[in-house]
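Residues per chain, in single letters:
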Amino acid sequence: STRTLFSQKLEGLPVHDAHISVNQGPDGTINSVHSDYHRLVPAGPAQPILTDSEAEQIARTQAQVSSLRQPSIKELVWVRVPGDQARLAWRLTVFSEEPLDACLR
C-alpha cells in the first residue's frame, strides 16, 4: 500500500494543518482520500506582526521555559481564521532543558 500526503501552500508558505492524504492499494487502486484543504485568501498584508524571536520569547514566557537543550524550530505558516481567510503566524517547536524531551508546539 502507498500513502501520499500533499501539503497546502498559500503564496509559497505552508498552511497549518492543511493536507490531502491519498491511500492506495498495492495495485494502485485508491482506497481513500482525506482532505483538510480550504480555499483561502490572505487576511491583511503577507507579513507577520511579530518577528520569530518575539514569538519565541512569548512562547517561552507562557510555558515558563528558561533554558533550551537545543535551538527552537521556527516556521512561518498561514493559519485559517473564520471564513475563507488566513493570517500569518509562527509555528514554533521549543525544546526545554527540563523536563528532558518536553516540547511546546
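Above this text is the structure in question.
Residues numbered from 1 in each chain as written. Predicted model: local features only at pLDDT ≥ 70, side-chain atom pairs only at ≥ 80, totals over all residues. Heavy atoms only, no water.

Peer 1: Help me out: how do you make sense of the overall build of the protein in this one?
Peer 2: For the protein, the count of helices and strands is one helix and seven strands. Along the protein, helices and strands appear, N-terminal first, in the series β-β-β-β-α-β-β-β. The globule rule puts the C-alpha radius of gyration for 105 residues at 13 Å, and the 17 Å found for the protein is more than 25% above it. Of all 105 residues assigned to the protein, the portion counted as buried reaches 26%. Carbon and sulfur atoms form 51% of the exposed surface of the protein, whose accessible area is close to 7300 Å². Seen as two clouds, the 10 positive and the 12 negative side-chain charges of the protein have centres 3 Å apart. (Helix = DSSP H or I, 4+ residues; strand = E, 2+ residues; numbered from the N terminus. Rg over C-alpha atoms; globule rule 2.2 N^0.38 Å. Buried < 20%, exposed > 50% of the residue type's maximum accessible area, 1.4 Å probe, protein only. Areas by Shrake-Rupley, 256 points an atom, 1.4 Å probe, with all protein chains shown as cover. Lys, Arg positive; Asp, Glu negative; His and termini not counted. Charge placed at Lys NZ, Arg CZ, Asp CG, Glu CD.)

Peer 1: Teacher, can you tell me more about the pattern of salt bridges here?
Peer 2: Side-chain pairs of opposite charge can arise whenever the charged atoms involved come near each other. As enumerated under the stated definition, the model contains three salt bridges in all. For Glu75, the salt bridge is made with Arg91, and the minimal N-O distance between the two is 2.8 Å. Taken together, the residues Glu75 in strand S5 (residues 73-81) and Arg91 in strand S6 (residues 85-95) connect sequence positions 16 residues apart. (Salt bridge = Lys/Arg side-chain N within 4 Å of Asp/Glu carboxyl O.)

Peer 1: How should I be thinking about helix H1 (residues 52-63) in this particular structure?
Peer 2: Each turn of an α-helix holds 3.6 residues, which means side chains three or four residues apart point in the same direction. With 12 residues, H1 should cover 16 Å at 1.5 Å per step; its first-to-last C-alpha distance of 16 Å lies within 8% of that length. Among all positions in H1, only Ala55, Glu56, Ala59 and Arg60 are buried. Seen from one end, H1 has its buried residues packed into an arc of 130°, which puts them on one side. A positive phi of about 55° marks Gln64, the residue just after H1. (Expected span 1.5 Å × (residues − 1). Arc of directions from axis to C-beta.)

Peer 1: Mind showing me how you'd approach unusual backbone geometry here?
Peer 2: Backbone geometry follows two general trends: most residues other than glycine have a negative phi, and most peptide bonds adopt the trans configuration. The phi angle at Asp17 is positive, at roughly 55°, despite the residue not being glycine. Following the sequence through the fold, Asp17 ends up in strand S2 (residues 13-24). Note on Asp17: relative accessible area 45%, which makes it partly exposed. One non-glycine residue, Gln64, lies in positive phi territory at about 55°. Structurally, the position occupied by Gln64 is in the loop between H1 and S5.

Peer 1: Looking at this structure, how should I read the pairing of S6?
Peer 2: When a strand is regular, its side chains alternate between the sheet's two faces. As paired strands, strand S4 (residues 41-42) and S6 are joined by two bridges and run parallel to one another. Within S6, the position partnered with Val41 by the bridge is Gln85. Two elements, S5 and S6, share nine bridges in a ladder whose sense is antiparallel. Each residue of the ladder has a partner; that of Ile73, found in S6, is Thr93. Hairpin connection between S5 and S6: a loop of three residues separates the two successive antiparallel strands, and Gly83 in this loop has a positive phi of roughly 85°. (Pairing = 2+ DSSP bridges.)

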